There are 2 protein chains.
Amino acid sequence: MRLLVLQYLMEQNRALSLNELEVLFENADKSTIFRTLKTFQENYLVHRINDGSGAIKYALCDDDCICSLEDNHIHFLCTKCEKTYCLKDTPIATPNLPNGFRANFANYLIEGICSTCT
Amino acid sequence: MRLLVLQYLMEQNRALSLNELEVLFENADKSTIFRTLKTFQENYLVHRINDGSGAIKYALCDDDCICSLEDNHIHFLCTKCEKTYCLKDTPIATPNLPNGFRANFANYLIEGICSTCT
DNA sequence: TAAGGAGTGCAATGCCATTGCAAAGTTTAG
DNA sequence: CTAAACTTTGCAATGGCATTGCACTCCTTA
Ligand SMILES: [Mn+2]
Ligand SMILES: [Mn+2]
Ligand SMILES: [Zn+2]
Ligand SMILES: [Zn+2]
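In this report, we go over the structure that sits alongside the text. Computed from a prediction, not measured in an experiment: that's the story for all the values here. (Residues numbered from 1 in each chain as written. Chains lettered and ligands numbered in written order. Predicted model: local features only at pLDDT ≥ 70, side-chain atom pairs only at ≥ 80, totals over all residues. Heavy atoms only, no water.)

As for the pattern of salt bridges
On inspection of all chains with the given rule, the structure shows six salt bridges over all chains. In this structure, the salt-bridge partner of glutamate 20 of chain A is arginine 14 of chain A, at a minimum N-O distance of 3.3 Å. Its relative accessible area of 12% is what places arginine 14 of chain A among the buried residues. The partner of lysine 57 of chain B in a salt bridge is aspartate 51 of chain B, and the shortest N-O contact between them spans 2.7 Å. Note on accessibility: lysine 57 of chain B and aspartate 51 of chain B belong to one class, buried. (Salt bridge = Lys/Arg side-chain N within 4 Å of Asp/Glu carboxyl O. Buried < 20%, exposed > 50% of the residue type's maximum accessible area, 1.4 Å probe, protein only.)

Here it is, written out as structure tokens:
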């Protein structure tokens, strides 16, 4: 299962939800896929993305990803095709925070229309 | 109920979850407060914030808020006190998107330590 | 070949958001 | 003042998603 999921994630250039994988691998149980993704997270193979869709999305990490503020990039949710993309070349600009606020992590999501739906 | 919730929201300078309000107004039903907030949203009194905590947070809009890309600001979740703040003076910088991507809305959340928890 | 460990399926649990329906409360026209 | 019409509320149920205990199956290794 891990090999199958990993391969599929590598073939996609976008972030997938547990449910999408569940549908794809219909012979495998939800919990198995869930644990697969959990294992991947624990080993920094994937990062989880909260795109506000209600379901968490998972996407492959880059080789140097450690999933902290450093390597964070913007994510994009297309409101037409409902697909979520990692904009790996669009780093998150960290703004100046009010006095006394310290940032540890950032989640920057943009909603709009993706290039294939334009 | 609307008056009570509105007043409480005005007194706070932060975003609150349905559950927090439920606990506060223990004599009112969850669904009543839910509908109250829904009414507020429909009339642009509050905006909803997805801070990744699992529960949606609600905060008062500014007078000129129309809850689109224009008036959007960054939100901050303190991982210590679990409170979410609107950083109304910290607008979201919109980055250059890849070719063909068009932005309609943005959600920029920063996690860290707030000024009172420092 | 059998014991120990790893992976899997099933079913249950626990949030949280949302809604149908009926009861209670309020407004308004007669 | 009274009843119809409309609004607000409470209760209970539903649905989606994440997560987990437990038992069973499968694989590795001594
Ligand atoms: Mn990503
Ligand atoms: Mn806000
Ligand atoms: Zn699209
Ligand atoms: Zn704090």
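Text resumes after the structure shown.
Structural notes on the packing of helix H1 (residues 2–11) of chain A against helix H3 (residues 30–42) of chain A
All names here are of chain A. The contact between H1 and H3 brings their axes to 10 Å, and the two run at 70 degrees. The orientation of H1 relative to H3 falls into the category roughly perpendicular. Crossing geometry of H1 relative to H3 is assigned as right-handed. Here Arg2, Val5, Leu6 and Leu9 of H1 lie close against H3, whose contacting residues are Thr36, Leu37, Thr39 and Phe40. Across the contact of H1 with H3, the residue classes tally to five nonpolar, two polar and one charged. (Axes fitted to C-alpha atoms, helices over the stretch in contact; angles between N-to-C directions. Helix = DSSP H or I, 4+ residues; strand = E, 2+ residues; numbered from the N terminus. Parallel < 35°, antiparallel > 145°, perpendicular 65-115°, else oblique. Left-handed = near helix turned anticlockwise from the far one by under 90°. Contact = heavy atoms within 4.5 Å. Nonpolar A, V, L, I, M, F, W, Y, C, P; charged D, E, K, R; others polar.)

Description of the sheet that holds strand S1 (residues 16–17) of chain A
All names here are of chain A. Taking strand neighbours across the sheet as the criterion, the three strands line up as S1-S3-S2 in an open arrangement whose pairing is antiparallel. Across the chains shown, the open sheet's two edge strands, defined by having one partner strand only, are S1 and strand S2 (46–49). Lying on the sheet, H1 is in contact with S1, S2 and strand S3 (57–60); it crosses S3 at an angle near 80 degrees. Of the strands in this sheet, S2 and S3 are in contact with H3, which crosses S2 at around 110 degrees. (Pairing = 2+ DSSP bridges.)

Here's the deal with the protein's contact with DNA strand D
Surveying the vicinity of DNA strand D reveals 17 residues, the closest of which are Phe34, Arg35 and Ile56 of chain A together with Asp29 and Thr32 of chain B. Within 4 Å of the protein, the atoms of DNA strand D are drawn from sugar and phosphate moieties in a proportion of 61%. Within the backbone of aspartate 29 of chain B, one N or O atom sits 2.9 Å away from a phosphate oxygen of DNA strand D. Threonine 32 of chain B is positioned such that a nitrogen or oxygen atom in its side chain is 2.7 Å from a phosphate oxygen of DNA strand D. Listing elements by their share of the surface near DNA strand D, those giving two or more residues are H3 of chain A together with helix H3 (30–42) of chain B. Broken down by class, the residue content of the surface near DNA strand D amounts to six nonpolar, five polar and six charged. (Near = heavy atom within 4 Å. Polar contact = N/O pair within 3.5 Å; in protein donor to acceptor, adjacent residues only side chain to side chain.)

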